[in-house]
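# Summary of structural features
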There are 2 protein chains.
Amino acid sequence: MAGLNHFSTAPVLENGAQNDFSGGLQNIMKGAQNGVTNGAPSMTSSDKQKGDVIDTNPQNASVEQGYQFLNRLIPLMVKDALRDGTSVHNKVVEFKHPEDLMKTLDIQLRDEPADNDQLIQACRQIITYSVKTGHPHFFNQLYGGMDLYGVAGSWLTEALNTSTYTFEVAPVFTLMEKVVLGEMLNLVEFPDGDAIFCPGGSMSNMYALNLARFRCFPDIKRTGTAGLPVMCVFTSDKAHYSISKGAALLGIGVDNVIKVKTDPMGRMIPAALDQAISAAKAEGRVPIMTNATAGTTVLGSYDPLDEIADVCTKHSLWLHVDGAWGGAVLLSDKLKGKMKGIERCDSLTWNPHKMMGAPLQSSAFFTKHKTLLSECHSAKAKYLFQQDKFYDVSYDTGDKSVQCGRKVDVLKLWVMWKAKGSKQFALEIENIFHCAQYLTRKLKSTEGYRLVLEEPECTNVCFWYIPPSLRGKTETTEWWNAVSKVAPEIKKRMVEQGTMLVGYQPDGDRVNFFRMVVANTAATLADMDFVASEIQRLGKDL
Amino acid sequence: MAGLNHFSTAPVLENGAQNDFSGGLQNIMKGAQNGVTNGAPSMTSSDKQKGDVIDTNPQNASVEQGYQFLNRLIPLMVKDALRDGTSVHNKVVEFKHPEDLMKTLDIQLRDEPADNDQLIQACRQIITYSVKTGHPHFFNQLYGGMDLYGVAGSWLTEALNTSTYTFEVAPVFTLMEKVVLGEMLNLVEFPDGDAIFCPGGSMSNMYALNLARFRCFPDIKRTGTAGLPVMCVFTSDKAHYSISKGAALLGIGVDNVIKVKTDPMGRMIPAALDQAISAAKAEGRVPIMTNATAGTTVLGSYDPLDEIADVCTKHSLWLHVDGAWGGAVLLSDKLKGKMKGIERCDSLTWNPHKMMGAPLQSSAFFTKHKTLLSECHSAKAKYLFQQDKFYDVSYDTGDKSVQCGRKVDVLKLWVMWKAKGSKQFALEIENIFHCAQYLTRKLKSTEGYRLVLEEPECTNVCFWYIPPSLRGKTETTEWWNAVSKVAPEIKKRMVEQGTMLVGYQPDGDRVNFFRMVVANTAATLADMDFVASEIQRLGKDL
């Protein structure tokens, strides 16, 4: 285990390498001057004598400056972005309106280069005016927190800049995907399944749509949809909009995304699904998929997978689970019951960049049908997936994607997982559920708060704040209209003061309410107390 | 300008901040111990007295270790990945077969945590066995090189971990996209156009397909493709496979991607396109788009945009340009003539992560139709794109994407562009064209090499190597069969020896040949000399 002795004056290399680079980072940075970097032994003298050469390496002169820049940026990032950005004593956001921010920042591009001083100043400003998503009081999105092992893994990813299509150029990451996705497939209980990282949960959900359609109509890949009947997809009226975006992109059409009713807890009603499927069939539409949600975007509801699987089995329908947000409960024996029945489903979206705290983006798509990703997506490009390579080309997994180049999304998650171990990962997920339950109890017992759901299933805690001036009144349409203006006004104040970020939205008949999300696995009960008191402070005079 | 005095013993902060953190990185790292990081002022004493709390912050204990880990990883990355990884004296790849590599690496996940020593050792191995895509002799893909400003920008991106959907959580990056994409739109000469970053060129090309289809059939978004006629898309027989993947995903079908003939230089023949469009119409298929390529994947050919635009105008057909690889010539007044007519096209894919050397991924989609991205893709999710926000919500650009969360791809490119200036960027693009032309001349005059194209248009230099044993023979089918085995064998040797990476593939009637790509803007003529001599060395006994 690394001890404090590693905090020497300079961040030096470990002992093994220290003989060569005893000066630490300083000398490593200086290495650029030795002319061995970036193809530096440039032109041969014979080339120079030919008289036909231009300055063929215009970048070389800037390599030295580049290391100097990194040498200045690293401590700035560590201090301003990582350390100060996650300090509860600092602001979550230093807000300026777009036009004002544009005037403040020097972001225009020019013909001439900026020097390192100017760039460092610019980076300092970029950090200042960026939202601190790792701040303890950032609760605005379904991500948050700042895992330093995750950051480390993402930095190493960038230092090794490659694409995950072939073992040839991504040998380590190809194997790492196999291990990490294999571990997750075990948790999902798709032992013979397949999986791939996608650029975000919306794309993962689109993969589900495409595979489900392909299973119904395998000729579609070759001949397209023309001549085929109207297809349709079922999802709850609380599900994420990516199902509709996917249906539009795939040519299914958003009108053919049939919204199934939910119960007061925001969960899809299996009987309503059954009826909706039968009704669609009666209209001549061909159902291709049901999308259930494990952790809806606003309320955090978990659709009852087992009952929905019964309905889908009855209708021989692909059952996809959008667990982009709530899928991480599969890590915890205490919590995974929320997804009871997952092993009966056909596919799953699960974003480690949400509840597991991995840096953006990390989203994985899982299916229990081992060969389908490949059959549905492969194009067998000869320039990339040569079959006469000298190694086992089954490790070239890129053709399972609809992308060609694919960002390495696995390393940051792997470093985190390795550093924590699976047990600790489970504890961290349990921690944010505990925080959310604590906040729920607290708001229930605090004047002025009204919960949208009495017992939230996930770590979304949704509530209205009723300011003193509106308390004890008859709840007429005008009254609700007044309530609907409270959250936007409090949001404006919290942004302007930079003390916290929490989202709000209307939902169906419910007027604007706060959606407080505990996504930061380092959240504390004190952070929850702060939310309750801060909204009171910001809104008490409304 | 930063001078050498910035190489102090520790990478310290600049003067402005030095009063607070005079110990440099060491103290910044130690900040974690002060308990002000990651929501650290954890439970209030009153919470602790309630007796209902578990350890709600399991991560806190590891924050200290996290900084220690970063403190050790940073110099390792700078030395092993950046400096050594780009040194011409080191290997491009330390190859092991998949099964052997799996045994060598400790990548299995476990219940218990790994300590920092184990993790540093693992990261050292990850670097060792990863392909050095920044190495001067990495010519394997349409990307390569290691721009330190790009790396810096990508690290800062990760330190500020956010998503580009709203100004609310990505204020700086929303504006930065506006500036960078605006600059690129000017180069494309779409002055009133729109643009967005996508996760790779394949996705950008799919955006083109979707927009082109939507312009023909705007109801498709709502009602889908059912009942509509067979649609078709035109692209050259040398174009990238993403057009086919996109056609499959969108339900158009790969059989409806009509491959237009190319001339011996690999360029689409406009008259052949005209005929193909007429023939498709005669068959009752509805053309929705032509895809022209600016820099094909293998040969680097530039389709003649002006003549193709004439044909598309005649048929009122959307003209998309896949300039993922070759679009960067628009930066150079000397080279942009290769894309003459681009201003007449409807859309363009251009990947700065290819020829501009930005870290992966950076791909942008451009269209001259200002409102179409929004009309085609928007879903108006109420929880994210609230219309009653207190700032100008026209800066919330995320709904133009088919994604929801979207990685910040702009910052790394912006830092590079700012550091170089537009003039230098143009010079670097010109440099790689110069290198490719130099190599072409060299191979022409060197025994054993035969060029696929006598005058390549881009920086792809494609050639066969004919080993001495095959020279001067009659070129029968058997002879070509023997030649087809040369490139895979030489590739095997170069990978095993780790001296260089160059791709190969067959193409139509042409048997396996090398596709040497100059993508690294720091390439030198000496690197080109090396390619010629190294392939001879590896293959002379074949």
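Structural data are supplied above this passage.
Structure report, in brief. Being a predicted model, the structure only gives us computed values, none of them experimental. For every chain, the first residue of the written sequence is number 1, and numbering continues from 1 onward in sequence order. Here every chain gets a letter starting at A, and every ligand a number starting at 1, in the order they are written. Owing to the predicted nature of the model, reporting of local features is limited to residues with pLDDT of at least 70; listing and counting of side-chain atom pairs is limited to 80 or more, with chain, interface and lining totals taken over all residues. By convention in this description, side-chain values take in all heavy atoms of the structure and omit both hydrogens and water.

## Some remarks on the overall build of chain A
Counting its regular elements, chain A contains 19 helices and twelve strands. Relative accessibility thresholds used throughout: buried, under 20% of the residue-type maximum; exposed, over 50%; partly exposed, between the two (1.4 Å probe, protein chains only). Across the 542 residues that make up chain A, the buried fraction comes to 70%. Sequence separation of at least 24 residues holds for 72% of the intrachain contacts in chain A that already meet a minimum separation of 6. In the structure as shown, chain A presents an accessible area of about 17,000 Å², 49% of it carried by carbon and sulfur atoms. A run of H or I in DSSP counts as a helix once it spans at least four residues, and a run of E counts as a strand once it spans at least two, with each numbered from the N terminus. Note on definitions: a residue-residue contact is assigned when non-hydrogen atoms from the two residues lie within 4.5 Å. Only the protein chains shown count as cover for residues, and all accessible areas are computed by the Shrake-Rupley method using a 1.4 Å probe.

## Observations regarding the side chain of Ser363 of chain B
Residues and elements named next belong to chain B. If you trace the backbone, Ser363 turns up in strand β8 (residues 363–367). In the analysis that follows, any N or O atom pair within 3.5 Å is treated as a polar contact, provided that within protein one partner can donate a hydrogen and the other can accept it, and provided that, for residues neighboring in sequence, both atoms belong to side chains. A polar contact of 2.9 Å, which involves the side chain of Ser363, links it to the side chain of Ser204. Separated by 2.5 Å, the side chains of Ser363 and Asn351 make a polar contact. Setting aside chain neighbours within four positions, we find Ser363 in contact with Ile196, Phe197, Cys198, Gly200, Gly201, Ser204, Thr349, Trp350, Asn351, Pro352 and His353.

## Considerations on the interface of chain A and chain B
Opposite the 222 residues of chain A that make contact, chain B presents 224 residues. Here, a salt bridge means any side-chain nitrogen of Lys or Arg that lies within 4 Å of a carboxyl oxygen of Asp or Glu. Taken together, chain A and chain B are joined by ten salt bridges. We note a salt bridge from Arg222 of chain B to Asp255 of chain A, for which the minimum N-O separation is 2.9 Å. Remark: the boundary between chain A and chain B carries 76 residue pairs in polar contact (both at pLDDT 80 or more). Looking at which element gives the most residues to the side of chain A that touches chain B, the answer is helix α4 (residues 60–83) of chain A, with 21 residues. Counted by class, the side of chain A that touches chain B contains 113 nonpolar, 62 polar and 47 charged residues. Side-chain classes follow a simple rule in which Ala, Val, Leu, Ile, Met, Phe, Trp, Tyr, Cys and Pro form the nonpolar group, Asp, Glu, Lys and Arg form the charged group, and the remainder, Gly included, forms the polar group.

## Notes on the nonpolar core
In this description, a nonpolar core means a group of buried Ala, Val, Leu, Ile, Met, Phe, Trp, Tyr and Cys residues linked to one another through side-chain atoms lying within 4.5 Å. Formed by 321 residues in total, the largest nonpolar core has its most connected members in Phe366 of chain A together with Trp155 and Phe366 of chain B. When near neighbours in sequence (up to four residues on either side) are disregarded, Phe366 of chain A contacts Leu181, Met184, Leu185, Val188, Phe190, Asp194, Ala195, Asp346, Ser347, Leu348 and Trp350 of chain A. In terms of nonpolar packing, the next biggest core, distinct from the first, is built from 56 residues, Ile196, Met206, Ala212 and Ile243 of chain B among them.

## Digging into the sheet that holds strand β6 (residues 318–322) of chain B
All names here are of chain B. Should DSSP find at least two bridges between two strands, the strands are regarded as paired. The strand order β2-β8-β7-β6-β5-β3-β4 describes an open sheet built from seven strands, whose pairing is mixed. Pairing within the sheet leaves two strands with one partner each, and these edge strands are β2 (194–198) and β4 (257–260). Between one strand axis and the next, the sheet turns through 20° on average, direction left out of account. As defined by bridge partners, β6 adjoins strand β7 (residues 347–350) across three bridges and the pair is classed as parallel. Residue Val321 lies in a different strand from β7, and its bridge partner there is Leu348. Strands β5 (286–293) and β6 of the sheet are contacted by helix α13 (residues 305–314), whose axis makes an angle of about 155° with β6. In this description, a line fitted to the C-alpha atoms serves as the axis of each element, helices being fitted only across the stretch in contact, and the angle between N-to-C directions of two axes falls anywhere from 0 to 180 degrees.

## What to know about the sheet that holds strand β11 (residues 501–507) of chain B
Residue and element names in this part refer to chain B. Spatial strand order, β1-β11-β12-β10-β9: five strands in an open sheet with mixed pairing. Among the strands making up the open sheet, the edge pair consists of β1 (138–139) and β9 (449–451). Pairing of β1 with β11, which is carried by two bridges, proceeds in the parallel orientation. Opposite Phe138, over in β11, you have Leu501 as the bridge partner.

## Re the relation of the copies chain A and chain B
Placing chain A over chain B gives an RMSD of 0.0 Å and needs a rotation angle of 180°, together with 0.0 Å of translation along the axis. On the angle and the small slide along the axis, the relation comes out as a two-fold axis. Our superposition of the copies is a least-squares fit, built on the C-alpha atoms of residues whose pLDDT is at least 70 in both.

## Some details on helix α7 (residues 148–159) of chain B
All names here are of chain B. One fewer than the residue count of a helix, multiplied by 1.5 Å, yields its expected span. The first and last C-alpha atoms of α7 sit 16 Å apart over twelve residues, in line with the 16 Å expected at 1.5 Å per residue. Within α7, twelve of the twelve residues are buried, leaving the element largely enclosed by the surrounding structure. Looking only at α7, the buried set comprises Leu148, Tyr149, Gly150, Val151, Ala152, Gly153, Ser154, Trp155, Leu156, Thr157, Glu158 and Ala159. Where α7 begins, the side chain of Asp147 points an oxygen toward the backbone nitrogen of Tyr149, at a separation of 2.9 Å.

## What about the pairing of strand β10 (residues 460–465) of chain B?
Residue and element names in this part refer to chain B. Across the six residues that make up β10, a large majority, six, are buried. Taking every second residue as pointing to the same face, both faces of β10 are buried, with Asn460, Cys462 and Trp464 on one and Val461, Phe463 and Tyr465 on the other. As defined by bridge partners, β9 adjoins β10 across three bridges and the pair is classed as antiparallel. Within β10, the position partnered with Leu451 by the bridge is Phe463. Here four bridges tie β10 to strand β12 (residues 510–517), and the two strands are oriented antiparallel to one another. Each residue of the ladder has a partner; that of Cys462, found in β12, is Arg515.

## Some thoughts on unusual backbone geometry
Gln361 of chain A follows Leu360 of chain A through a cis peptide bond whose omega is -10°. Following the sequence through the fold, Gln361 of chain A ends up in the loop between β7 (347–350) and β8 (363–367). Phi at Glu189 of chain A takes a positive value of approximately 65°, unusual for a residue other than glycine. Its place among the elements puts Glu189 of chain A in the loop between α8 (171–188) and β2 (194–198). Not every positive phi belongs to a glycine, and Ser316 of chain B is a case in point at roughly 50°. Mapped onto the fold, Ser316 of chain B is located in the loop between α13 and β6. We classify Ser316 of chain B as exposed; its relative accessible area is 63%.

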